[in-house]
Amino acid sequence: MSIVLLLFALVAGVFTMGVLLAQRAHRQANSWLILVVLVFLGSLTHNLLLETGVYERNQWLYFIPINGQLLIGPMLWFYVLRMLDLPLPDKHLRVAHLAPGFIQLTVHACAFFLNDDAKYHFWSETYEPWLKPLFFWAGQLGLVIYLFLMHRTLERWRGITEAQFSDIRPVAMRWLHRLVLLFALFAAVAVTLGFIPDAYHQTGTVLPTDVMKLFIVCSIGWQGYRQVEVIRVASSGNGQRAEADASGSNVAVDDAARMKETAVEVLDLPALPAVAKFDPALLARITTVLEEQGLYRQPDLTLVDLAQAVQLPAKVVSATINSGTGGTFLSWVNGYRVEAVKAAIIQGEQRSKSLLGLALDAGFNAKSTFNRAFREHEGCSPSDWMARHAGNG
């Protein structure tokens with residue numbers, strides 16, 4: 001059973017790399033993800049050689065340099081940075097991040113070319129008793145550290161997008177959040193097995209870590225396949241490229257790229273001077289324009305759009321909204337949309353339109369987004385609120 005699982009995982013890994021290589025979008029980012037999958041394939045191949053007894057029959061294969069677990073953490077972090085269009089560390093720092101993994105591969109490569117007696121002596125006296133555990137625990141610790149860096153980067157990105165967009169789905173990068181979670185679960189399983197004596201030495205047994213590797217590889221492959229298929233279908237239609245978001249709906253790739261570029265630009269803007277004070281008159285001016293022009297009903301309204309309508313710098317509008325409302329641009333605009341839906345329900349418009357139709361009219365662009373925003377502002381679901389207030393106007 002373990003051999004079948006490992007073979008299936010290897011086939012899935014090769015397919016996943018092929019899908020990522022075929023994808024034109026995010027090519028630079030995907031190159032790092034392909035390397036992560038390649039490291040997984042090396043580990044799976046090592047386990048397959050153990051399970052099938054190939055190592056025992058061909059002892060010269062011992063220490064073949066295909067285990068590079070110390071490379072997973074930094075390469076995943078580089079993937080996340082490139083997906084967000086954020087700059088990578090400079091060349092020297094990138095080498096420093098990858099150095100532990102290169103050292104691990106170098107040790108294996110040097111041992112691989114030893115003669116049988118020297119190889120056995122190195123394995124029994126040095127590698128097995130302390131070098132192998134060192135690589136294992138360093139790999140798990142490094143992965144946890146890089147997962148923390150990725151989580152912090154994604155949370156910062158989320159704050160940036162909520163401060164600038166009234167629809168964050170095209171730039172929310174929920175796939176990256178799920179990927180971080182998957183690797184966090186993988187690290188937890190690996191560490192747990194690390195505390196169980198001889199857990200990694202049991203042949204003929206399906207290791208939970210191998211199952212996790214298969215699941216992660218398949219998830220990466222499915223995500224890449226879905227994006228390729230959506231882009232291909234959209235290209236054969238009206239010529240506009242599209243990509244799938246977390247909910248399965250399609251958004252324009254060009255629009256998403258433009259929004260990501262705007263987010264990065266605002267990320268690099270200098271902070272407001274410390275002497276800047278909140279001006280209620282500015283908030284009133286911004287609010288008046290939003291209400292009178294009904295800008296909140298535009299599903300793709302951005303901070304830049306509102307700033308242009310008010311004729312103020314985007315960073316001033318952002319600081320004014322944050323200081324005056326205590327929330328983000330996203331929550332502030334969604335508040336107006338929720339109030340518009342409530343007003344429509346009270347006026348009885350739900351008799352001729354569905355609840356989703358009212359939400360779309362108010363500026364929401366997805367049922368899930370509407371339900372989440374309504375709960376945040378009212379503490380109950382839209383249907384529950386409608387049951388209590390419908391027709392009360």
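Residues numbered from 1 in each chain as written. Predicted model: local features only at pLDDT ≥ 70, side-chain atom pairs only at ≥ 80, totals over all residues. Heavy atoms only, no water.

Thoughts on a nonpolar patch on the surface
A surface patch of nonpolar side chains, about 350 Å² in accessible area, is lined by Phe15, Trp222 and Tyr225. Along the chain, the position of Tyr225 falls in helix H8 (residues 208-236). (Patch = residues over 30% accessible without salt bridge, like charges linked within 9 Å, V, L, I, M, F, W, Y side chains within 5 Å. Areas by Shrake-Rupley, 256 points an atom, 1.4 Å probe, with all protein chains shown as cover. Salt bridge = Lys/Arg side-chain N within 4 Å of Asp/Glu carboxyl O. Helix = DSSP H or I, 4+ residues; strand = E, 2+ residues; numbered from the N terminus.)

Concerning unusual backbone geometry
Unlike most non-glycine residues, Asp85 shows phi in positive territory, near 60°. With respect to the secondary-structure elements, Asp85 resides in the loop between helix H4 (72-83) and helix H5 (91-112). Positive phi, close to 65°, is recorded for Gln311, a residue that is not glycine. When you line up the elements, Gln311 lands in the loop between helix H11 (303-310) and helix H12 (314-325). Under the relative-accessibility criterion, Gln311 is labelled exposed at 67%. (Buried < 20%, exposed > 50% of the residue type's maximum accessible area, 1.4 Å probe, protein only.)

Topic: the layout of surface pockets
Approximately 400 Å³ is the volume found for the second largest pocket. As for the second largest pocket, its lining consists of 22 residues, of which Arg158, Glu162, Ile168, Arg174 and Arg372 are closest to the centre. Residue contributions to the lining of the second largest pocket peak at six residues, all from helix H6 (residues 116-162). A per-class count over the lining of the second largest pocket returns seven nonpolar, seven polar and eight charged. (1 Å grid on protein atoms, 1.4 Å probe; cavity = no way out; pocket = protein on both sides within 12 Å on 5 of 7 lines; lining within 4 Å. Points joined across faces, edges and corners; volume = space filled by probe spheres on them. Nonpolar A, V, L, I, M, F, W, Y, C, P; charged D, E, K, R; others polar.)

Observations regarding the packing of aromatic side chains
The tally for this structure, following the rule as stated, stands at 19 aromatic pairs. Between Trp60 and Phe112, the aromatic rings sit 6.4 Å apart at their centres with planes inclined by 55°, giving tilted as the arrangement. Of this pair, Trp60 sits in the loop between helix H3 (54-57) and H4 while Phe112 is found in helix H5, placing the two residues 52 residues apart along the sequence. Between the aromatic rings of Phe370 and Phe374, the centroid separation amounts to 5.8 Å while the plane-to-plane angle is 75°, which identifies the pairing as edge-to-face. Taken together, the residues span about one helical turn, with Phe370 and Phe374 both in helix H15 (residues 367-378) at a distance of four residues. (Phe/Tyr/Trp six-rings, centres within 6.5 Å; stacked < 30°, edge-to-face > 60°.)

What to know about H5
Over its 22 residues, H5 extends 29 Å from the first C-alpha to the last, a length consistent with the 32 Å expected when each residue adds 1.5 Å. Along H5, the largest kink reaches about 45° and is centred on Ala99; proline Pro100 follows within four residues of it. Of all the positions in H5, only Leu98, Gly101, Gln104, His108, Ala111 and Phe112 are classed as buried. Looking at the buried residues of H5, the elements they touch are helix H2 (27-51), H4 and H6. (Expected span 1.5 Å × (residues − 1). Bend = angle between axes of the 7 residues up to and from the residue. Contact = heavy atoms within 4.5 Å.)

Quick word on the nonpolar core
The biggest cluster of nonpolar side chains holds 57 residues, and the ones touching the most others in it are Leu76, Tyr79, Leu176 and Phe183. Elements with a contribution of two residues or more to this core: helix H1 (2-22), H2, H4, H6, helix H7 (174-194) and H8. The biggest single contributor to this core is H2, with 11 residues. (Core = buried A, V, L, I, M, F, W, Y, C linked by side-chain atoms within 4.5 Å.)

Nothing here speaks to function; it is geometry throughout.
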